[in-house]
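# Residue-level structure breakdown
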Amino acid sequence: MPTLHFDIHIAAPRERVWRTMLYTPTYERWTATFCEGSRYDGSWEAGTPIRFLGPNGDGMVAEIAEHRPADFVSIRHLGTISNGVEDTTSEAVRAWAPCFENYSFTDEAGGTRLRVDCDVFGSYEDWMNQTWPKALHALKNICETPT
């Protein structure tokens, strides 16, 4: 399974970038790039389950593998959710699960360098290569806009 890498410089402190990226209501704003109406249900605390959902309730089931606030977040994707049913055991899911999505936040040039490393499975590589840069630019705009 290939791992894709994306990064962006954001002219804001790490704490602001981290909070904006992970917590509501700004999480929903930048992730709309992937799916309008995206949301999560769960906690960002290490070892806890989290569900990433679209407006119809379909999405991904995962757990937070590691979380060091404003430094590093690792999401272990474990399966899918379709019609309200979690699938972590089917042959289709076992073909890729677990896969990881990691966020690293570092100080750089008066702001933050955000790096995203994500495993990609199936036919999603082109879509991820097109969508992640747009999502990161949306996050950058939110972080750099005075509140």
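In what follows, the accompanying structure is described. This is a predicted model, so every value here is computed, not measured.

What follows deals with the pattern of salt bridges. Under the criterion given, the structure shown has eleven salt bridges. With a closest N to O distance of 2.1 Å, Glu63 and Arg76 form a salt bridge. One end of the pair, Glu63, is in strand 4 (residues 59–68); the other, Arg76, is in strand 5 (residues 72–82), and 13 residues separate them in sequence.

The next subject is the pairing of strand 1 (residues 3–10). Walk down a regular strand and you will see the side chains alternate between the two sheet faces. Because side chains alternate across strand 1, one face comprises the buried residues Leu4, Phe6, Ile8 and Ile10, and the other comprises Thr3, His5, Asp7 and His9, none of which is buried. Where strand 1 meets strand 8 (residues 111–119), eight bridges bridge the pair, whose relative direction is antiparallel. What sits directly across from Ile8, in strand 8, is Leu114.

The next thing to look at is the state of the cysteines. Under the counting rule described, the total for this entry stands at zero disulfides. Just so you know, Cys35 is unpaired, no disulfide at all, and the nearest cysteine sulfur is the one on Cys118, 16 Å from it. The cysteine Cys118 is free of any disulfide, with Cys99 supplying the nearest cysteine sulfur at 8.4 Å.

What follows concerns the environment of Thr24. Position of Thr24 among the secondary structure elements: in the loop between helix 1 (14–22) and helix 2 (26–31). Taking the C-alpha atoms as reference points, Thr24 and Arg39, separated by 15 residues in sequence, lie 8.4 Å from one another. A polar contact of 2.9 Å, which involves the side chain of Thr24, links it to the side chain of Glu28.

What counts as what
Residues numbered from 1 in each chain as written. Predicted model: local features only at pLDDT ≥ 70, side-chain atom pairs only at ≥ 80, totals over all residues. Heavy atoms only, no water. Salt bridge = Lys/Arg side-chain N within 4 Å of Asp/Glu carboxyl O. Helix = DSSP H or I, 4+ residues; strand = E, 2+ residues; numbered from the N terminus. Buried < 20%, exposed > 50% of the residue type's maximum accessible area, 1.4 Å probe, protein only. Pairing = 2+ DSSP bridges. Disulfide = S-S within 2.5 Å. Polar contact = N/O pair within 3.5 Å; in protein donor to acceptor, adjacent residues only side chain to side chain.

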